[in-house]
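Working through the structure, step by step
Below, each chain spelled out in residue letters.
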Amino acid sequence: MRWSEAFIPTLREVPAEAELISHQLLLRAGMIRKLAAGIYIYLPLFQRTLLKVAQIVREEMNRQGAVEITMPVLHPAEIWQETGRWDTVGKELIRLKDRHGRDLVLGPTHEEIITFLVRGELRSYRQLPINLYQIQVKFRDEIRPRFGLLRGREFTMKDAYTFDATEESFKKSYQKMIDAYFAAFNRCGLETVKVESDTGAMGGKSAHEFIVLVDTEGGESLIFTCSNCDYAVHSDRASFKEAAPPSEKVLPYEKVHTPNVMAAEEVARFLKLPVQKLVKTMIYKTDNGFVAALVRGDREVNLVKLKNLVGSIEMDMAGTEDVQRITQAPKGFAGPVGLAGLEIIADTEVAVLPNFVSGANEGDYHIKNINTGRDFKPSRVADIKVAVEGEVCASCGKGKLKASRGIEVGNTFSLGTKYSVSLKATFLDEKGGERPFIMGSYGIGITRTAQAAVEKFHDADGIIWPKTIAPLDVHIVPVKMEDAQQAEVAERLYRAFNEAGIEPLLDDRKERAGVKFKDADLIGIPVQIVIGDRGLKEGKLEFKVRKTKESSTAPIGEAVPYFKKLWETI
RNA sequence: CGGGGUGUGGCGCAGCCUGGUAGCGCACCUGCUUUGGGAGCAGGGUGUCGGAGGUUCAAAUCCUCUCACCCCGACCA
């Protein structure tokens, strides 16, 4: 690729719209341009990187026996209504109408479509298992697009779907995808952590996410890993081993005057008690009315856990008026004792906590020495709290949880028969019995993975692409294109690399050396070759490794073999 | 959806409070000089001031509506 023929609009200044370093660099390096919120144009350099990421993913999928297809972007609404996701996916689903007024959606994922395909064509267990995938654009009307490609409304994703006859078979299919994912991300130069995760709107039985750990704010996923065992979990569903409750004699119930004292910490300070003796009573509005959630004063409610528990899609804190009506008290004094007319869900820690304090459902009053069972009966007891770093691992019971942030680049879902049942996709087993397919769904964000690599690999001067996904392999920089000798050497190298199957970028612009060097570092091609008077006098070229900034020289005639040697070291 | 903010040349911004007919840096074009880490000098082009309506002799500036974009939040009683 010649710079003069390509479209590489680099920017000197940092675009105001980007706050994440990877987003800034992609814009500055002339890789992407924004069309609208969460919608981007991929420019030539980035396009090449995307193709490389996609190709790596493709090869690893194929290696595991998956086969590639392409499904439509535009889907009729009916099929989404059949599975119920027309309603449950909610506002993220981009809906439109055709000229006849028929409802359509732009596909955010393709479980419905693949199941439609398979139910019409696969009838026998003999045809299973099968794994079909595509690399396709997806649309999600994100509540708040941000971070460039990390949370876009249009993005490229590899999505695969498995169909198995038995659970044992499914487990193998699932493991193959896990293997493919680790292999693909490793080849992209990205180390990933596999964590247990929530299934969200996807439904199904269980799920995992593949996370690239990053130190920056770009890491929107919070995960916990164990210091002792290999337990790794998304914060959405992280739990920990709870400490035994203090053994105390059960004390008599006591109402205390707490004028204008509401927040848990304030109440604790006012009553001179540790905040762990407080219980917060939170009222949430769900799809089916209100629920009260009880967690210890130092804990927070995990909304994902609570949503899953009550089976609600939407969940919000109740408004002030609702709280007043339900608790018969001003906001800030809710408590479980005497609370009626709604489900009361107590966290597991609360249920065993003796003599705790909570609101009295009366203005300016709290109640001391509340005991679950004696003073109120929770409708359900469950772990509904947010996990925090330092707690004991729930899996091994020994290690401590460590929090890390990362970018989710892939996910795998065990779907069970959710879609095959709702779409009536069945096959005949050995005994001639009709059974729904056991399904799995597996995604890799191609565009997101590419940006994650930038977030992970950069320095003050620009991007440092891993060599496997760099837009091009080598960047030829003649210091002065007007110099006939330099231009001639540059052209000769350009041909030699192309013939050797190595992809060169030739900066054939009549720009000053400084500009070319700055741009070279910014766009981050792994190896730079500088052609200048200094070296030419001795018949030599300067090689610079982008990552280390180390320079070395080699005779002009040995450029290709020298490059190959260098390539092995990076 | 709630709160905050911003829309002025390709990019980054000033001007707005206090109305008087648009400016700076970068980029771009021409010339000369320069030429190994984002050059210097000189000259040049570039705007329906996001859009609509209103107030006014006069609106980028004030008012109303609207659109777009950005940030924070949408979890703590």
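These numbers come from a predicted model, not from an experiment.

1. Focus: the overall build of chain A
Helix and strand counts for chain A come out as 16 helices and 33 strands. For the C-alpha atoms alone, the extent of chain A along its principal axes is close to 95 × 65 × 50 Å. Among the 570 residues that make up chain A, the fraction classed as buried is 52%. The contacts in chain A between residues at least 6 apart in sequence include a share of 69% that link residues at least 24 apart. Split by element, the accessible area of chain A, about 25,800 Å² in all, is 51% carbon and sulfur. Once the 79 positive and 79 negative side-chain charges of chain A are each reduced to a mean point, those two points are 1 Å apart.

2. Some points on the pairing of strand β32 (residues 540–545)
For a regular strand, side chains alternate in direction, first toward one face of the sheet and then toward the other. Where strand β31 (residues 527–531) and β32 come together, 4 bridges link them in antiparallel fashion. From the neighbouring strand, V527 faces β32, where its bridge partner is V545. By the bridge criterion, 5 bridges tie β32 to strand β33 (residues 551–555) in an arrangement that is antiparallel. If you follow E542 over to β33, its bridge partner there is T553. Count of turn residues in the β32/β33 antiparallel hairpin: 5 residues, of which K549 carries a positive phi of about 65°.

3. Digging into the environment of G200
One can find G200 in the loop between β9 (193–197) and β10 (206–213). Between the C-alpha atom of G200 and that of K307, which follows or precedes it by 107 residues, the distance is 9.6 Å.

4. Details of helix α6 (residues 167–187)
For α6, built from 21 residues, the straight-helix expectation of 30 Å at 1.5 Å per residue is met to within 8% by its first-to-last C-alpha distance of 30 Å. Turning to α6, its buried residues are S169, F170, S173, Y174, M177, I178, A180, Y181, A184 and F185. Backbone geometry just downstream of α6 places G189 in the positive-phi region, at approximately 85°.

5. Regarding the sheet that holds strand β6 (residues 103–106)
Reading across the sheet, the 3 strands line up as β4-β6-β5 and stay open at both edges, with antiparallel pairing between neighbours. Because the sheet does not close on itself, it has two edges, and the strands there are β4 (74–76) and β5 (94–97). Taking each pair of neighbouring strands and ignoring which way they run, the sheet shows an average axis angle of 35°.

6. So, the domain arrangement of chain A
Considered domain by domain, chain A is made up of domain 1 (21–238 + 403–455), domain 2 (254–382) and domain 3 (472–569). Between domain 1 and domain 3, the C-alpha centre-to-centre distance is 39 Å. Contacts between domain 1 and domain 3 engage 7 residues on the former and 5 residues on the latter. Between domain 1 and domain 3 lies a buried interface of about 570 Å² when both sides are counted; carbon and sulfur atoms form 62% of it. Along the contact surface separating domain 1 from domain 3 lie 3 salt bridges. In this structure, K52 engages E503 in a salt bridge whose closest nitrogen and oxygen atoms are separated by 2.8 Å.

7. Examining the nonpolar core
Ranked by internal contacts, the top residues of the largest apolar core, which has 59 residues, are L26, M31, F46, M61, W465 and I523. Beyond its immediate chain neighbours, meaning those up to four positions away, M31 contacts L26, I41, Y42, L43, L45, F46, I463, W465, P471 and I523. Formed by 26 residues, the second largest nonpolar core is a distinct cluster that contains W86, L93, A165 and F413.

8. A word on the protein's contact with RNA strand B
Close to RNA strand B lie 45 residues, the nearest being R12, R144, M282, D521 and E542. Those atoms of RNA strand B that come within 4 Å of the protein belong to sugar or phosphate at a rate of 45%. Here a phosphate oxygen of RNA strand B sits 2.5 Å away from a polar atom, N or O, in the side chain of E19. At a separation of 2.4 Å, a base nitrogen of RNA strand B approaches a polar side-chain atom of D521. When residues of the surface near RNA strand B are traced back to their parent elements, those giving at least two are β1 (32–36), β15 (279–286), β17 (316–317), α14 (513–523), α15 (533–536) and β32. Looking at which element gives the most residues to the surface near RNA strand B, the answer is α14, with 8 residues. Its residues assigned to classes, the surface near RNA strand B comprises 20 nonpolar, 5 polar and 20 charged.

9. What to know about the pattern of salt bridges
Counted under the stated rule, the structure contains 39 salt bridges. Here D103 makes a salt bridge to K97, at a shortest N to O gap of 2.8 Å. In this structure, the salt-bridge partner of R325 is D322, at a minimum N-O distance of 2.7 Å. Here D322 and R325 lie together in helix α9 (residues 320–327), a separation of 3 residues that amounts to about one turn. One continuous salt-bridge network, built from bridges that share partners, spans E242, K305, D347, D383 and K385.

10. Looking at the packing of helix α2 (residues 44–63) against helix α12 (residues 446–456)
Where α2 contacts α12, the axes come no closer than 9 Å and their chain directions differ by 110°. In terms of axis orientation, α2 runs roughly perpendicular to α12. Relative to α12, α2 is oriented so that their crossing is right-handed. For the pair formed by α2 and α12, the contact residues are F46, T49, L50, V53, A54 and V57 on the first element and I446, T447, T449 and A450 on the second. For the contact of α2 with α12, the residue count by class is 7 nonpolar, 3 polar and no charged.

11. Considerations on the side chain of T258
Along the chain, T258 falls in the loop between β14 (254–257) and α7 (264–271). When its relative accessible area of 0% is taken as the criterion, T258 is described as buried.

12. As for the confidence of the model for chain A
Here chain A averages 92 in pLDDT, and 99% of its residues register 70 or above. The ipTM, which scores confidence in the relative placement of chains, is 0.91 for this predicted complex, and the corresponding pTM is 0.92.

13. Some details on the packing of aromatic side chains
Pairs of aromatic rings are described using the distance from one ring centre to the other and the angle between the two planes. Under the counting rule described, the total for this entry stands at 13 aromatic pairs. Note on F185 and F210: the rings are 6.0 Å apart at their centroids and 40° apart in plane angle, and the pair reads as tilted. Linking F185 in helix α6 with F210 in strand β10, this pair joins segments that are 25 residues apart in sequence. F210 sits in the buried class, given a relative accessible area of 0%. Ring-pair connections join several aromatic residues into one group, and the members of that group are Y181, F182, F185 and F210. Directly above the ring of W86 sits R95, whose terminal nitrogen or CZ lies 4.4 Å from the centroid. Sitting over the ring of W3, R509 keeps its end group 3.8 Å from the ring centre.

Thresholds, definitions, all that
Residues numbered from 1 in each chain as written. Chains lettered and ligands numbered in written order. Predicted model: local features only at pLDDT ≥ 70, side-chain atom pairs only at ≥ 80, totals over all residues. Heavy atoms only, no water. Helix = DSSP H or I, 4+ residues; strand = E, 2+ residues; numbered from the N terminus. Buried < 20%, exposed > 50% of the residue type's maximum accessible area, 1.4 Å probe, protein only. Contact = heavy atoms within 4.5 Å. Areas by Shrake-Rupley, 256 points an atom, 1.4 Å probe, with all protein chains shown as cover. Lys, Arg positive; Asp, Glu negative; His and termini not counted. Charge placed at Lys NZ, Arg CZ, Asp CG, Glu CD. Pairing = 2+ DSSP bridges. Expected span 1.5 Å × (residues − 1). Axes fitted to C-alpha atoms, helices over the stretch in contact; angles between N-to-C directions. Domains from an automatic or database assignment. Buried area = accessible area lost by both parts, 1.4 Å probe. Salt bridge = Lys/Arg side-chain N within 4 Å of Asp/Glu carboxyl O. Core = buried A, V, L, I, M, F, W, Y, C linked by side-chain atoms within 4.5 Å. Near = heavy atom within 4 Å. Polar contact = N/O pair within 3.5 Å; in protein donor to acceptor, adjacent residues only side chain to side chain. Nonpolar A, V, L, I, M, F, W, Y, C, P; charged D, E, K, R; others polar. Parallel < 35°, antiparallel > 145°, perpendicular 65-115°, else oblique. Left-handed = near helix turned anticlockwise from the far one by under 90°. pLDDT = per-residue confidence, 0-100. Phe/Tyr/Trp six-rings, centres within 6.5 Å; stacked < 30°, edge-to-face > 60°. Lys NZ or Arg CZ within 6 Å of the ring centre and 35° of its normal.

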